[in-house]
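What follows is each chain in one-letter form.
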Amino acid sequence: ADKLPDGPEFELHRPWIDNITIKCKKCNSVKTKREEYVLDTWHNSGAAPYASLTNKEYEKEIPAPFFTEGIDQTRGWAYTLLIENVILNNSATPPYKSFLFQGHVLDEKGGKMSKSKGNVLEGAELLQKYPVDLVRFYFMWKASPIEPLSFSTDELMSRPYQVISTLYHLHTFYKQNSEYDKFNLGESTIEWAKKKELLTPPDVWLLSKLQRMIERTTETNDSCRFHESAKAIEDFLINSLSQIYIPIIKSELCNPPNLSSKSRRPVGTPTIPSSFL
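These numbers were taken from a predicted model, which means no experiment stands behind them.

Before going further, it helps to examine the overall build of the protein chain. Looking only at helices and strands, the protein chain features 11 helices and 4 strands. In terms of C-alpha radius of gyration, the protein chain reaches 31 Å, well past the compact-globule figure of 19 Å for 277 residues. In terms of overall dimensions, the protein chain has a C-alpha envelope of 100 × 50 × 35 Å along the principal axes. Buried residues in the protein chain amount to 29% of all 277 residues. Counting contacts in the protein chain only where the partners sit at least 6 residues apart, residues at least 24 apart contribute 58% of the total. Per element, the accessible surface of the protein chain, about 19300 Å² overall, is 57% carbon and sulfur. Each charge class in the protein chain can be summarised by its mean position, and for the 34 positive and 35 negative side chains these summaries are 2 Å apart.

So this is what it looks like as structure tokens:
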């Protein structure tokens, strides 16, 4: 600056900043001032695709298949990306094929997290105390991605913990039995079991439930409805697998019959109630 009208502790905001003049190094003029009319600072972000890529890369990569950001970026980044790409191509050409704007993570009472309020959850500390898969599942299970999420560690350790814990203990249960029976997943496929006529009605019922769950989660994940996927997984693990199928076949796993026979189901083993079929 040629001079500081307000002294060394000058104010950087308008209108005070307009009182400062700059001395031009080329012509020595002392009447040089800053440009008063500037673009929105989001212009730089909106220009990101063609500012950071070569023409060849731009033609190959844009429009991007998927774009996601926080809901507060709707007016900022998402809009400037769109409008600048339209201007660049002089046509209704979007820079992304699909997008998802995520809701904010709030405290357990639905308030904005703030360090001054002391209600901020530090990610590193959270993941040191709770398993990462549990936290991931909770985020999916709790709410739709576009909705705000009120984060509660008490809720985290309720139903989501029950689902993950059930999955873990079911895995341990099957692992112990499979090792005892010298089960080989590579050889003992569903097709192998069908040829040996080893699949019983409860097995077929569970496999049907599993396929429905796979179809449902694939469909909902592809459309970013992750909360519906989480609920489908919860229903299969808790209701179908843990509370119905396991009690039916538990006695058989503890006392397996001779697998050379056509039916491996012991006489008197309970069958699935008609209400579940």
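With respect to the helices, strands and loops of the structure, Thr220 is situated in helix H10 (residues 201-222). Owing to a relative accessible area of 0%, Thr220 belongs among the buried residues under this scheme. Here the side chain of Thr220 touches Thr217 through a polar contact of 3.2 Å, landing on its backbone oxygen. Not counting chain neighbours up to four residues away, the residues in contact with Thr220 comprise Arg225, Phe226, Glu228 and Ser229.

Attention shifts here to helix H6 (residues 132-142). Restricting attention to buried positions, one finds in H6 the residues Leu134, Val135, Phe137, Tyr138 and Trp141. For H6, the angular spread of buried residues about the axis comes to 165 degrees, placing them on one side.

If a residue is not glycine, its phi is most likely negative; likewise, a peptide bond is most likely trans. A cis amide bond links Arg14 to the next residue, Pro15, at an omega of 5 degrees. By secondary structure assignment, the location of Pro15 is in the segment before helix H1 (42-46). Residues Ile62 and Pro63 are joined by a peptide bond in cis, for which omega reads 10 degrees. Note that Pro63 resides in the loop between helix H3 (55-61) and strand S1 (67-70). One non-glycine residue, Asn28, adopts positive backbone phi at about 65 degrees. With respect to the secondary-structure elements, Asn28 resides in the segment before H1. A relative accessible area of 51% places Asn28 in the exposed class. Phi angles above zero are rare outside glycine, and Cys224 is one such case at about 65 degrees. Position of Cys224 among the secondary structure elements: in the loop between H10 and helix H11 (226-254).

Here we come to the packing of H6 against helix H8 (residues 159-180). At their nearest, the axes of H6 and H8 sit 9 Å apart, and the two run at 125 degrees to each other. Between H6 and H8, the interaxial angle falls into the category oblique. Pair H6 / H8 crosses with right-handed handedness. Between H6 and H8, the contacting residues are Asp133, Leu134, Phe137, Tyr138 and Trp141 on the first element and Arg159, Pro160, Tyr161, Val163 and Ile164 on the second. For the contact of H6 with H8, the residue count by class is 8 nonpolar, no polar and 2 charged.

Bringing the side chain of Thr80 into the picture now. By the secondary structure assignment, Thr80 is in helix H4 (residues 74-89). Looking at Thr80, its side chain comes within polar contact range of the main-chain oxygen of Gly76, at 2.8 Å. Excluding residues that lie within four positions of it along the chain, Thr80 makes contacts with Trp42 and Gly46.

To continue, consider a nonpolar patch on the surface. A cluster of nonpolar side chains, Tyr79, Ile83 and Ile87, forms an exposed patch at the surface whose accessible area comes to about 300 Å². When you line up the elements, Tyr79 lands in helix H4. Residue Tyr79 is classed as partly exposed on the basis of its relative accessible area of 46%.

Tracing the sequence through the fold places Ile22 in the segment before H1. On the basis of relative accessible area, Ile22 is assigned to the partly exposed category, the value being 37%. The spacing of Ile22 and Thr32 is 10 residues in sequence and 5.0 Å in space, taken between C-alpha atoms. Contact partners of Ile22, with chain neighbours within four places excluded, come to Ala1, Asp2, Ser29, Val30, Lys31 and Thr32.

In total, this model carries 9 aromatic pairs according to the counting rule given. Look at Tyr96 and Phe99: their rings are 5.7 Å apart centre to centre, the planes differ by 75 degrees, and that puts the pair in the edge-to-face class. Residue classification places Tyr96 among the buried residues on the basis of a relative accessible area of 9%. The partly exposed category is assigned to Phe99, whose relative accessible area is 48%.

Calculation rules
Residues numbered from 1 in each chain as written. Predicted model: local features only at pLDDT ≥ 70, side-chain atom pairs only at ≥ 80, totals over all residues. Heavy atoms only, no water. Helix = DSSP H or I, 4+ residues; strand = E, 2+ residues; numbered from the N terminus. Rg over C-alpha atoms; globule rule 2.2 N^0.38 Å. Buried < 20%, exposed > 50% of the residue type's maximum accessible area, 1.4 Å probe, protein only. Contact = heavy atoms within 4.5 Å. Areas by Shrake-Rupley, 256 points an atom, 1.4 Å probe, with all protein chains shown as cover. Lys, Arg positive; Asp, Glu negative; His and termini not counted. Charge placed at Lys NZ, Arg CZ, Asp CG, Glu CD. Polar contact = N/O pair within 3.5 Å; in protein donor to acceptor, adjacent residues only side chain to side chain. Arc of directions from axis to C-beta. Axes fitted to C-alpha atoms, helices over the stretch in contact; angles between N-to-C directions. Parallel < 35°, antiparallel > 145°, perpendicular 65-115°, else oblique. Left-handed = near helix turned anticlockwise from the far one by under 90°. Nonpolar A, V, L, I, M, F, W, Y, C, P; charged D, E, K, R; others polar. Patch = residues over 30% accessible without salt bridge, like charges linked within 9 Å, V, L, I, M, F, W, Y side chains within 5 Å. Salt bridge = Lys/Arg side-chain N within 4 Å of Asp/Glu carboxyl O. Phe/Tyr/Trp six-rings, centres within 6.5 Å; stacked < 30°, edge-to-face > 60°.

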